[in-house]
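Each chain is listed here by its residues.
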Amino acid sequence: MTDTSQSLAYVRAQMIPEQEPPLGEKGLVKWIRENLFSGVLNSVLTILSLIVIWMVLSHTMPWVFNGIWIADSLKHCREIRDATLGTDASAACWAVLTERAPQLMFGFYPADLYWRPVLGFVIFMIALTPILFSEMPRKLLILTATAPFVSYWLIWGGTIWGPVFIALGFVLGAVAYQVLARSAGAIIAVTASILVPFIYWLFIAGPLVSTVSGALPIGIEAVESKQLGGFMLAIIIGLAGIILSLPLGILLALGRQSDLLLINKVSVGFIETIRGVPLIVWLFTASLLLNYFLPPGTNFDIVLRVIIMVTLFSSAYIAEVVRGGLAALPKGQYEAADSLGLDYWKSMRLIILPQALKISIPGIVNTFIGLFKDTTLVVFIGLLDPIGLSNAIRATTEWNGIYWELFAFIGLMFFVFCFSMGRYSMYLENKLRREHR
Amino acid sequence: MSTMTDPSKQGFRLSQLIYDTRYRSMTIQVVAMIILMLLFSWLVNNTVQNLEALGKDFNFGFLSQPAGYDINQRLIEYTSQSTHGQAAIVGILNTILIAVLGCVLATVLGVIAGVLRLSKNWLVAKLMAVYVEGFRNVPLLLWILLIFALMTESMPQPKDFRGAEPAATMDFFNSVAVTNRGVYIPSIEFANPLFAETWVNWALVIAAIIASIFAIRKIGAWATAKQEATGIRPTLWHINLAVFFAPIAILFVAMGAHLDLPFLKGFNFTGGIHLRNSLIALWLALSLYTGAFIAEIVRGGILAISKGQTEAAYALGIRPNVTMNLVVLPQAMRVIIPPLISQYLNLTKNSSLAIAVGYMDVRSTLGGITINQTGRELEGMLLLGLFYLIASLIISGAMNIYNNSVKLKER
């Protein structure tokens, strides 16, 4: 057989080497042909997109890169532009940022105390890392427990005893739980761990703080809420809202799935009422109406009111997202937990919630992103968030009539924050993905 | 027989309220009920005390008092002599107007962007990704302010249109004027209307359109019946076109419809329809912002249909566009519609950001000027909240009905 094949003239004896593909079928040309000009419609779309991109870039790029960074007013900016680039040139006046960046970041916070919010923010971020990334050392969780109080104290200042004695309430609750869980059973222990701190905060903490701070005045310069502003305010409201609304939202979702008729109806009513009305209306409620609902003479901090409202608002949305996750779990999971003899809270904590929360991560993070963006709405009740400050800056004589530079800066900052939150959620989804694909 | 044991004969013990699962849920609910009632009565008591201290009462009489302020953007007759109640209705109509306009444009933008983001064309897909990410990650308020500033600061003044060599010209064959005072577009006027009231004429036109659509559906059903009987589907598109446009054309000709173009008179444009900057900025920003979210929903919906469905349809010999219409879209719609409706709801609620540009929606009339003038925060905010709440409940109720009608019937 081999002999015959060798003797046949039309059969090649050895393989010819692989040849280069034709020019149109390799490299950049092939990529362009396949991805940009694969048909008439695609070619038209590509050309249209190129036109759009060129129109946008040709208008904005010279403006951005001709920008003037050092000037002390818009008029000065224009003089510099006329002198260097000519009167027709378009040039951004980034000088407003170099001059007013601290204000956009911190509002009217005393300039010599800027290190305090920065330090508070850094501590808080470090404290968050063990929650966000499981690779971090577990011992950092001790910092996580104390960071909210430390950061609060650093930002608002005042006596150190306020945050200390408020934190003590949580410790008391934990102690009450530990003591009673052994002797009296879970339900009484949980009730006590809620009641004890409340009674402590309502009746004991106040006098305790005033007596101790009178005897041992340790403290730093106090800063009023009115002086907070800029991105610092947005981050404070955003972070507080995010951290507080997650547990509340989960509780509401469990309430909505509950078999107890009353709990179920109350949760549904709360969630639907909150979700049915725009945040702006709730914020006006907080600033106009809250005084009607509280005992006469109470008047508490506007930032705190906003945080409470934002928390309640986004917890209703989170409840809906988590409910979706709970509903998506197969019924077998609930039944398996029951058949293991776990009680309600154990089955939720160990079996149901870990799975349900994993499913709801994208929705939860989207809610958080929405919450952070919605912090801009506080401008309407008179707080100086970045947009409020941009109005204030525009109202000064030096920077009267400056729009785009401030909008670009604020937009970019929000984009960075929100986009990185979105990326983190994708990272988490990938890390927690268990099924094989 | 004697081994049969009855559960505890010792009767009811108090500890069963906590430790017996049969009674525990009742206990929890009763305790929760008591706490809720206490909280509620505490709030009401506080409110009554506070109102007394301020010398205010709780009544809605202010709604029938004259409002005394003007509303520049209105769909119905309204003067400063009208009542606060009428002002609230003008505001409600304005909210509905911006919501409907916004939902329509947002859907168009969202569907286009969502489909194009799935395009095989790399450049187009990336461009759409930039649009979606850019709008989703920046606060809506910033977009509203940005577009409003763009309209008021960068557009030509009406006086720029004047003279032999004007600095600005009108677009679209001299019919649309984009100025810093708003956009002027042509309006359709009737020379010899059938009815004295303008809106009746328009209702007639809309009724004609609805009737045509109904007729077209009937014709489609007839064609399907014929196709099933004979195997040949009659050609329909020219009949459909005629049925759709003929009644409208006849109505327009009968009523002498003509375009009323805006023109420069004195210091400003007259004629046509004046779209205020506040409306345009709010409309565009809401649509672009919500459109970005809708784009993601549409993309997700199409991706959610497994490729096997398309391949199965091809294997049956169904052509690609028919596959899209009969196989992919009906299934994708089930995924797309619920979040789409909740985006409509969000858009309606977000329209309360009208406050940023001074568009007179219900929050600015009832929840803004009326509250400031009458000092009735409690009543005003309550009505405002109720309006939004009822609107959302109606929309989500409709959504639930739809969901139940399209969901997979599992048995």
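Predicted model, so just to flag it, every value in this text is computed and none were measured. (Residues numbered from 1 in each chain as written. Chains lettered and ligands numbered in written order. Predicted model: local features only at pLDDT ≥ 70, side-chain atom pairs only at ≥ 80, totals over all residues.)

Peer 1: Is there a simple way to think about the interface of chain A and chain B in this case?
Peer 2: Buried accessible area, meaning the area lost when the parts come together, often serves as the stated size of an interface. The partner chain B presents 45 residues to the 43 residues of chain A that form the contact. Secondary-structure elements contributing two or more residues to the side of chain A that touches chain B are helix 3 (40–65), helix 11 (261–276), helix 12 (279–293) and helix 17 (404–432) of chain A. In terms of residues, the side of chain A that touches chain B owes the most to one element, helix 12 of chain A, which gives nine residues. Classifying every residue of the side of chain A that touches chain B by side-chain character gives 30 nonpolar, 11 polar and two charged. (Contact = placed C-beta atoms within 7 Å. Helix = DSSP H or I, 4+ residues; strand = E, 2+ residues; numbered from the N terminus. Nonpolar A, V, L, I, M, F, W, Y, C, P; charged D, E, K, R; others polar.)

Peer 1: Explain the packing of helix 10 (residues 230–257) of chain A against helix 11 of chain A here, please?
Peer 2: The geometry of a pair of packed helices is captured by two quantities: the angle between their axes and the separation between those axes. Residue and element names in this part refer to chain A. Where helix 10 meets helix 11, the axes come as close as 7 Å, and the angle between the chain directions of the two elements is 125 degrees. Between helix 10 and helix 11, the crossing angle belongs to the class labelled oblique. When the axes of helix 10 and helix 11 are compared, the crossing they make is left-handed. For the pair formed by helix 10 and helix 11, the contact residues are L252, G255 and R256 on the first element and I263, N264, S267, V268, F270 and I271 on the second. (Axes fitted to C-alpha atoms, helices over the stretch in contact; angles between N-to-C directions. Parallel < 35°, antiparallel > 145°, perpendicular 65-115°, else oblique. Left-handed = near helix turned anticlockwise from the far one by under 90°.)

Peer 1: What is the right way to read the confidence of the model for chain B from this model?
Peer 2: Detailed reading of the predicted model is not advised wherever pLDDT is low. All names here are of chain B. Predicted confidence across chain B gives a mean pLDDT of 84, with 96% of residues reaching 70 or more. The weakest mean pLDDT in chain B belongs to helix 6 (residues 171–174) at 70; the strongest belongs to helix 4 (residues 122–136) at 92. Here the predicted complex scores 0.86 on pTM and 0.86 on ipTM. (pLDDT = per-residue confidence, 0-100.)

Peer 1: Can you walk me through the sheet that holds strand 7 (residues 273–275) of chain B in this structure?
Peer 2: Sheet strands line up and pair through hydrogen bonds in the backbone, either parallel or antiparallel. Residues and elements named next belong to chain B. Pairing is antiparallel in the open sheet, where three strands are placed in the order 1-2-7. With partners counted over all chains shown, the strands left at the sheet margins are strand 1 (177–179) and strand 7, one partner each. Neighbouring strand axes in the sheet, compared pairwise and without regard to direction, differ in orientation by 15 degrees on average. Pairing analysis gives three bridges linking strand 2 (residues 182–185) to strand 7, with the strands arranged antiparallel. When the bridges of strand 7 are listed, V183 appears paired with L275. (Pairing = 2+ DSSP bridges.)

Peer 1: Even after reading the chapter, I still don't get the domain arrangement of chain B, so can you show me in this structure?
Peer 2: Partitioning chain B into structural domains gives domain 1 (55–147 + 276–411) and domain 2 (187–260). Each of domain 1 of chain B and domain 2 of chain B was reduced to a C-alpha centroid, and the two centroids are 29 Å apart. (Domains from an automatic or database assignment.)

Peer 1: Help me understand the packing of helix 12 of chain A against helix 13 (residues 302–328) of chain A, please; the structure alone is not making it clear to me.
Peer 2: All names here are of chain A. Contact geometry of helix 12 with helix 13 gives a least axis separation of 10 Å together with a crossing angle of 140 degrees. The angle between the axes of helix 12 and helix 13 places the two elements in the oblique class. Like other packed secondary-structure pairs, helix 12 and helix 13 cross with a definite hand, here right-handed. Of the residues in helix 13, those touching helix 12 at L279, W282, L283, A286, S287 and L290 are I302, R305, V306, M309 and F313. Looking at the contact of helix 12 with helix 13 residue by residue, the classes come out as nine nonpolar, one polar and one charged.

Peer 1: Please explain the confidence of the model for chain A as it appears in this structure.
Peer 2: Residues of chain A with pLDDT of at least 70 account for 97%, and the chain-wide mean is 86. Mean pLDDT in chain A bottoms out at helix 1 (residues 2–7) of chain A, which sits at 55, and peaks at helix 10 of chain A, which reaches 91.

Peer 1: Explain the pairing of strand 2 of chain B to me, please; I cannot follow it from the model alone.
Peer 2: Every regular strand shows the same layout, with side chains that alternate between the two sheet faces. Residues and elements named next belong to chain B. Alignment of strand 1 against strand 2, held across three bridges, turns out to be antiparallel. Counterpart to V178 in the pairing with strand 2 is V183. A loop of two residues connects strand 1 with strand 2, the two strands running antiparallel in sequence.

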